[in-house]
Amino acid sequence: EAGVAQSPRYKIIEKRQSVAFWCNPISGHATLYWYQQILGQGPKLLIQFQNNGVVDDSQLPKDRFSAERLKGVDSTLKIQPAKLEDSAVYLCASSLDLAGEQFFGPGTRLTVL
Amino acid sequence: AQTVTQSQPEMSVQEAETVTLSCTYDTSESDYYLFWYKQPPSRQMILVIRQEAYKQQNATENRFSVNFQKAAKSFSLKISDSQLGDAAMYFCAYRFGIQGAQKLVFGQGTRLTINP
């Protein structure tokens, strides 16, 4: 069974530029999560989808971050404009349903210069 | 607020020895789950072990076991017969439900080094 796929694996941008990350969850998984993991810290949930609907986006900085999961499968997380403090690893995870075990992707390491 | 605290930023152990990683959490919930995740240098987070709060028996998965003290809100991970492949960041996590959604809160992590 294929795991959670993410791309790109690495991204370097200048501050004030925009960037997008892509996630393909495990087939059949209805719930998808985006986490931000700043160096030296544990992951922090940014947004959670159930199919194509948002379940929790309380910690998403909505002035610059946006995410979508239009067809209930793949998801895109966007940052526009990026700030220095956005440098982090962005992890995508998926689970079969809202109560299921979360499986994590390899992450995208973002560096904002 | 639900918080998870790992007080050991780094730990090291000799290969084949036993090591215990500490974790405490704060919650007013009665129904929740606790997890230990392993994150090797490649960054793919892997579930090591889970514990349901309503179960008194400590969970065990091969060389990995937990000491769950619900009253003390403590959840430590014991790794027996440490192997070089156990070297990684270990995160303690607490999961609780809000209006049907399950939210996972992570600790700061403990970096475990295995000395050959």
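Presented here is an overview of the structure given in this document. (Residues numbered from 1 in each chain as written. Chains lettered and ligands numbered in written order. Predicted model: local features only at pLDDT ≥ 70, side-chain atom pairs only at ≥ 80, totals over all residues. Heavy atoms only, no water.)

1. Quick look at the environment of Ile12(A)
Residues and elements named next belong to chain A.
Item 1. Secondary-structure assignment places Ile12 in strand 2 (residues 10–13).
Item 2. Remark: the alpha-carbon pair of Ile12 and Ile38, spanning 26 residues in sequence, is separated by 15 Å.
Item 3. Apart from residues no more than four positions distant in its own chain, Ile12 is found in contact with Thr111 and Leu113. (Helix = DSSP H or I, 4+ residues; strand = E, 2+ residues; numbered from the N terminus. Contact = heavy atoms within 4.5 Å.)

2. Describing the sheet that holds strand 8 (residues 75–79) of chain A
Residues and elements named next belong to chain A.
Item 1. Within the open sheet, the four strands sit side by side as 1-3-8-7. Their pairing is antiparallel. Across the chains shown, the open sheet's two edge strands, defined by having one partner strand only, are strand 1 (5–7) and strand 7 (65–68). Within this sheet the neighbouring strands show an average axis-to-axis angle of 15 degrees, counted without direction.
Item 2. In terms of strand pairing, strand 1 meets strand 3 (residues 19–24) through three bridges, oriented antiparallel. Note that in strand 3 the partner of Ala5 across the bridge is Asn24. (Pairing = 2+ DSSP bridges. Axes fitted to C-alpha atoms, helices over the stretch in contact; angles between N-to-C directions.)

3. Details of the state of the cysteines
All names here are of chain B.
Item 1. Counted under the stated rule, the structure contains two disulfides over all chains.
Item 2. Between the sulfur atoms of Cys23 and its disulfide partner Cys92 the distance amounts to 2.0 Å. Looking down the S-S bond of the Cys23 and Cys92 bridge, the torsion is -70 degrees, so its handedness is left-handed. One end of the pair, Cys23, is in the loop between strand 3 (19–21) and strand 4 (24–26); the other, Cys92, is in strand 10 (residues 88–98), and 69 residues separate them in sequence. (Disulfide = S-S within 2.5 Å.)

4. Some thoughts on the packing of aromatic side chains
Note on aromatic pairs: each is described by the distance of the centres and the angle between the planes.
Item 1. Using the criterion set out here, one finds 17 aromatic pairs over all chains in the structure.
Item 2. Between Tyr37(B) and Phe106(B), the ring centres sit 5.6 Å apart and the planes meet at 50 degrees, which makes this aromatic pair tilted. Of this pair, Tyr37(B) sits in strand 5 (residues 33–39) while Phe106(B) sits in strand 11 (residues 101–106), and the two are 69 residues apart along the sequence.
Item 3. One aromatic cluster in this structure is built from Tyr33(A), Tyr35(A), Phe104(A), Tyr33(B), Phe35(B), Tyr37(B), Phe91(B) and Phe106(B).
Item 4. The ring of Tyr33(B) has Arg95(B) sitting right over it, with the charged end atom 4.6 Å from the ring centre. (Phe/Tyr/Trp six-rings, centres within 6.5 Å; stacked < 30°, edge-to-face > 60°. Lys NZ or Arg CZ within 6 Å of the ring centre and 35° of its normal.)

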